[in-house]
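# Topology and contacts: notes
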2 protein chains.
Amino acid sequence: MKLLTRRFVLFLLLLVGISGHDVQTANAQTDPLPSWNDGPPKKAIIDFVTRVTTQGGPDFVPSAERVATFDNDGTLWPEQPVYFQMAFALDEIQRMAPQRPEWRQKEPFKSLLQGDMKGFARFGKSGVLDIVAASHTGMTTEVFRQNVLDWTSKARHPRFKRLYTELVYQPMLELLSYLRANGFKTFIVSGGGVEFMRPWVETVYGIPPEQVVGSSGVVQFGFDQNGKPELKKIAKIEFVDDGPGKPVGINRFIGRRPIFAFGNSDGDLQMLQWTAGGQGARFLGIVRHTDPDREYAYDRESKIGKLDKALDEAAAKGWTVVNMKMDWKTIFPPEK
Amino acid sequence: MKLLTRRFVLFLLLLVGISGHDVQTANAQTDPLPSWNDGPPKKAIIDFVTRVTTQGGPDFVPSAERVATFDNDGTLWPEQPVYFQMAFALDEIQRMAPQRPEWRQKEPFKSLLQGDMKGFARFGKSGVLDIVAASHTGMTTEVFRQNVLDWTSKARHPRFKRLYTELVYQPMLELLSYLRANGFKTFIVSGGGVEFMRPWVETVYGIPPEQVVGSSGVVQFGFDQNGKPELKKIAKIEFVDDGPGKPVGINRFIGRRPIFAFGNSDGDLQMLQWTAGGQGARFLGIVRHTDPDREYAYDRESKIGKLDKALDEAAAKGWTVVNMKMDWKTIFPPEK
């Protein structure tokens, strides 16, 4: 009896030519981007999505080819005062220190554990690499995943005092949902570590782990002492998904050229160029950090998230530059 | 008026609690695997899928975690008398030869172009690598993609005289569809080249390019003489997705452990072990080539697709071994 009812509904569905996608379109008559002020970026996004989803229109793109790629740090969540992954690494060193007494005598750990950040800074890039290696390698992928989840469940941002995973840009969450409701597949393409992002991106962004492209270290397959297979993280960089690495990573992991890309720094320039270089309609977006009160303000002179060449190219080529202060009604989701 | 009608149907849908997935389930009351003979493998597959999709059951797995990985050569299509990608490489050398007059004096091309396969065989693995490099690198990713599509549109298998992309196993096509209809995401995890598979897998297997994991060469981002961004394929191997490389590739590209894996050779053993090693219900399958009349028969002694250690481990651990001759009603889809 229930089956009959279902068949009857299925028949009705066919009759009116409805599909899941039509249902979404009907629902989307309310504002899909409520945290965006009316202005050129919001208009450009909605115009683009409308054009590529209008069947029979000159810019129509089949759903399978609607690939949208987003940088993470500075585009979907902040990157100040330090990359959040660096905050994780520093916290991990503190957490692991009791089990690593030798660190008390060994730089750069010694300075760090004494709270001497100036002393730590002396070691420059090699100090950072030591910290990242110590916090990110030498364990299995599953232990690392759990370490990340433990940290995201309790670590708080020094300025905003909220969990890092709550500090994601509300307007970008809406944009991700809006694109997916219109048949896009959304991907992260980040210079950050892929194994650092994958444990939480599905809950936070609605992006499954298999749609995350990022930097990675070497991983080795083997067996533990009980004969259980394991993947161990080795202190050797395998792939840096930044700058020219981004189109390479897109090709390697996705195998399709995006039609929509969003970044915020010069590290995203080649991803934007590669996306722009394809045939057909394209959307290229840049988040510009212009809001010192609600978030941060930085661009051409910043050490983190430097936005210089990409800003010039955006102006020259008519890419969409989001002015955070002007274009976003809210920055972060409301506190729970 | 049309919108009203749609809303009415939507209301009916809610009323009977139907969803897209329910519709598929209702349809699947006919045999989902018609090309499989009744027998232990078919029963094991259906039992497993039923268990992991039974909400509230002890083995239920949420849809997002239903990751299924398939080897390609010998698992989804044949690999005899040579890997199909090798047939492509050999054909490409013939096609490119008029533009490369120097090959007439240069081994291993010289022997190959003279049809002297014994002469070519003298160069062993290094000869094969030369042929693969010449046919797979030195061009952009887009030119290579077109070369692959040109070849798959006309090259025919020496024995079956059909297009290679028509020589896919009908029972495995049904299995892929059955899994997807039950909320699985299907991936290829192949030792073959990722850029050789991606152009045609979506049409042939219903697997999108971003769900293909494979071996790859280095790719470089740059600009052509007109300032257009391009990705160029370089003659340097980057990643070999075979043996222990398979779990590494799964971790790198998918970032989730599969719950279902199918292979056919010792090159798939570590993928099967890694899949088996997770918690919860697991399905491990091996295609055994036992049908010299309709396909091929080979296992422990074969140079291509050697199945020896994995066969022993399958027996010891109760993995499902498909006997092609016994378990499959048909091998290939009917000719169009």
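Read on for an overview of the structure. (Residues numbered from 1 in each chain as written. Chains lettered and ligands numbered in written order. Predicted model: local features only at pLDDT ≥ 70, side-chain atom pairs only at ≥ 80, totals over all residues. Heavy atoms only, no water.)

Within chain A, the regular secondary structure consists of 14 helices and eight strands. With respect to the three principal axes, the spread of C-alpha positions in chain A is 75 × 55 × 40 Å. Expressed as a percentage of the 336 residues in chain A, the buried residues total 56%. When contacts within chain A are restricted to residue pairs at least 6 apart in sequence, long-range pairs at least 24 apart make up 66% of them. Total accessible area on chain A stands at roughly 15,200 Å², and carbon and sulfur atoms take up 55% of it. (Helix = DSSP H or I, 4+ residues; strand = E, 2+ residues; numbered from the N terminus. Buried < 20%, exposed > 50% of the residue type's maximum accessible area, 1.4 Å probe, protein only. Contact = heavy atoms within 4.5 Å. Areas by Shrake-Rupley, 256 points an atom, 1.4 Å probe, with all protein chains shown as cover.)

On the surface, Leu-129, Ile-237 and Val-240 of chain A cluster together into a nonpolar patch covering about 280 Å² of accessible area. With respect to the element layout, Val-240 of chain A can be found in the loop between β4 (229-239) and α11 (245-253). (Patch = residues over 30% accessible without salt bridge, like charges linked within 9 Å, V, L, I, M, F, W, Y side chains within 5 Å. Salt bridge = Lys/Arg side-chain N within 4 Å of Asp/Glu carboxyl O.)

In this section: the side chain of Thr-152 of chain B. Residue and element names in this part refer to chain B. Within the secondary structure layout, Thr-152 lies in helix α8 (residues 141-152). In terms of polar contacts, Thr-152 uses its side chain to reach the backbone carbonyl oxygen of Leu-149, at 3.2 Å. Not counting chain neighbours up to four residues away, the residues in contact with Thr-152 comprise Leu-163, Thr-165 and Trp-200. (Polar contact = N/O pair within 3.5 Å; in protein donor to acceptor, adjacent residues only side chain to side chain.)

With that out of the way, let us pick up the packing of aromatic side chains. Under the definition given, this model contains 51 aromatic pairs over all chains. With a centroid separation of 5.3 Å and an interplanar angle of 40°, the aromatic rings of Phe-88 of chain A and Phe-196 of chain A are classed as tilted. In this pair, Phe-88 of chain A is assigned in helix α4 (residues 84-96) and Phe-196 of chain A in helix α10 (residues 194-205), connecting sequence segments 108 residues apart. In this structure Phe-88 of chain A comes out as buried when scored by relative accessible area, which is 0%. Grouped by ring-pair contacts, the aromatic residues Trp-77, Phe-84, Phe-88, Phe-144, Trp-151, Tyr-164, Phe-196, Trp-200 and Tyr-205 of chain A constitute a single cluster. Against the face of Tyr-296 of chain B rests Arg-159 of chain B, its NZ or CZ located 4.9 Å from the ring centre. The ring centre of Phe-239 of chain B lies 4.2 Å from the NZ or CZ of Arg-252 of chain B, which sits over that ring. (Phe/Tyr/Trp six-rings, centres within 6.5 Å; stacked < 30°, edge-to-face > 60°. Lys NZ or Arg CZ within 6 Å of the ring centre and 35° of its normal.)

A few words now on the environment of Phe-262 of chain B. Here Phe-262 of chain B is to be found in strand β5 (residues 260-263). In this structure, the C-alpha to C-alpha distance between Phe-262 of chain B and Thr-69 of chain B, residues 193 residues apart in sequence, is 6.5 Å.

Quick look at the side chain of Asp-241 of chain A now. All names here are of chain A. Residue position: Asp-241 is located in the loop between β4 and α11. Lacking a salt bridge, the buried Asp-241 has Lys-246 as its closest oppositely charged neighbour, with an N-O distance of 5.3 Å. Of note is the side chain of Asp-241, whose polar atom sits 3.2 Å from the backbone nitrogen of Ser-190. If near-sequence neighbours (up to four positions away) are discounted, Asp-241 is found in contact with Val-189, Ser-190, Gly-191, Val-213, Gly-214, Ser-215, Lys-246 and Gly-249. (Lys, Arg positive; Asp, Glu negative; His and termini not counted.)

Residue and element names in this part refer to chain B. With their axes 11 Å apart at the nearest point, helix α3 (residues 40-53) and helix α9 (residues 170-181) run at an angle of 15° to one another. With respect to α9, the element α3 is oriented roughly parallel. When the axes of α3 and α9 are compared, the crossing they make is right-handed. Contacts between α3 and α9 involve Ile-45, Ile-46 and Val-49 from the former and Leu-175, Tyr-178 and Leu-179 from the latter. Split by residue class, the contact of α3 with α9 holds six nonpolar, no polar and no charged. (Axes fitted to C-alpha atoms, helices over the stretch in contact; angles between N-to-C directions. Parallel < 35°, antiparallel > 145°, perpendicular 65-115°, else oblique. Left-handed = near helix turned anticlockwise from the far one by under 90°. Nonpolar A, V, L, I, M, F, W, Y, C, P; charged D, E, K, R; others polar.)

Taken as a whole and judged by the stated rule, the model has 41 salt bridges over all chains. Of the charged contacts in the structure, one is a salt bridge between Asp-31 of chain A and Lys-42 of chain A, with a shortest N-O distance of 2.7 Å. A residue pair is termed long-range when its members are at least 10 positions apart, and Asp-31 of chain A in the loop between α2 (20-27) and α3 (40-53) and Lys-42 of chain A in helix α3 qualify at 11 residues. On the basis of relative accessible area, Lys-42 of chain A is assigned to the buried category, the value being 5%. Residue Arg-100 of chain A is joined to Glu-102 of chain A by a salt bridge in which the shortest nitrogen-to-oxygen separation is 2.7 Å. Each of Lys-185 and Arg-256 of chain A together with Glu-202 and Glu-210 of chain B takes part in one network of salt bridges that share partners.

Looking now at helix α12 (residues 269-276) of chain B. A large share of α12 of chain B lies buried, amounting to seven of its eight residues. Every buried residue of α12 of chain B is listed here: Leu-269, Gln-270, Met-271, Leu-272, Gln-273, Trp-274 and Thr-275 of chain B.

With that out of the way, let us pick up the pairing of strand β5 (residues 260-263) of chain A. Within a regular strand, side chains alternate between the sheet's two faces. Residue and element names in this part refer to chain A. Alternating positions in β5 separate into two faces, Phe-260 and Phe-262 on one and Ala-261 and Gly-263 on the other, with burial throughout. The pairing of strand β1 (residues 67-70) with β5 spans three bridges and is parallel. Each residue of the ladder has a partner; that of Ala-68, found in β5, is Phe-260. Handedness of the crossover joining β5 and strand β6 (residues 283-290) through helix α12 (residues 269-276) is recorded here as right-handed. (Pairing = 2+ DSSP bridges. Right-handed = clockwise from strand over helix to strand, strands pointing away.)

It is worth spelling out the packing of helix α4 (residues 84-96) of chain B against helix α7 (residues 124-136) of chain B at this point. Residues and elements named next belong to chain B. At a closest axis distance of 9 Å, the pairing of α4 and α7 adopts a crossing angle of 65°. Taken together, α4 and α7 sit at an angle that is classed as roughly perpendicular. In the packing of α4 onto α7, the handedness of the crossing is left-handed. Residues Gln-85, Met-86, Phe-88, Ala-89, Leu-90, Glu-92, Ile-93 and Met-96 of α4 form the contact with α7, whose participating residues are Val-128, Ile-131, Ala-134, Ser-135 and His-136. Here the residues of the contact of α4 with α7 sort into nine nonpolar, three polar and one charged.

As a further point, take unusual backbone geometry. Residue and element names in this part refer to chain A. With omega at -5°, the peptide bond leading from Gln-80 into Pro-81 counts as cis. The peptide bond linking Glu-107 to Pro-108 adopts the cis configuration, its omega dihedral lying at 5°. Positionally, Pro-108 belongs in the loop between α4 and α5 (109-113). Phi is positive for Lys-161, which is not a glycine, with a value near 55°. Looking at the secondary structure, you find Lys-161 in the loop between α8 (141-152) and α9 (170-181).

Residue and element names in this part refer to chain B. Of all eight residues in strand β6 (residues 283-290), seven are buried; the element is thus mostly enclosed. Sheet topology places β5 next to β6; four bridges connect them, and they run parallel. Bridge assignment links Gly-263 to a residue of β6, and that residue is Ile-286. Strand direction decides the pairing type here: β6 and strand β7 (residues 297-298), joined by two bridges, are antiparallel. Bridge pairing links Thr-290 to Ala-297 in β7. The turn linking β6 back onto β7 is made up of six residues.

This part takes up helix α11 (residues 245-254) of chain B. Most of α11 of chain B sits inside the fold, with 10 of its 10 residues counted as buried. Positioned one or two residues after α11 of chain B, Gly-255 of chain B has a phi angle of 75°, which is positive.

By themselves these figures say nothing about function.
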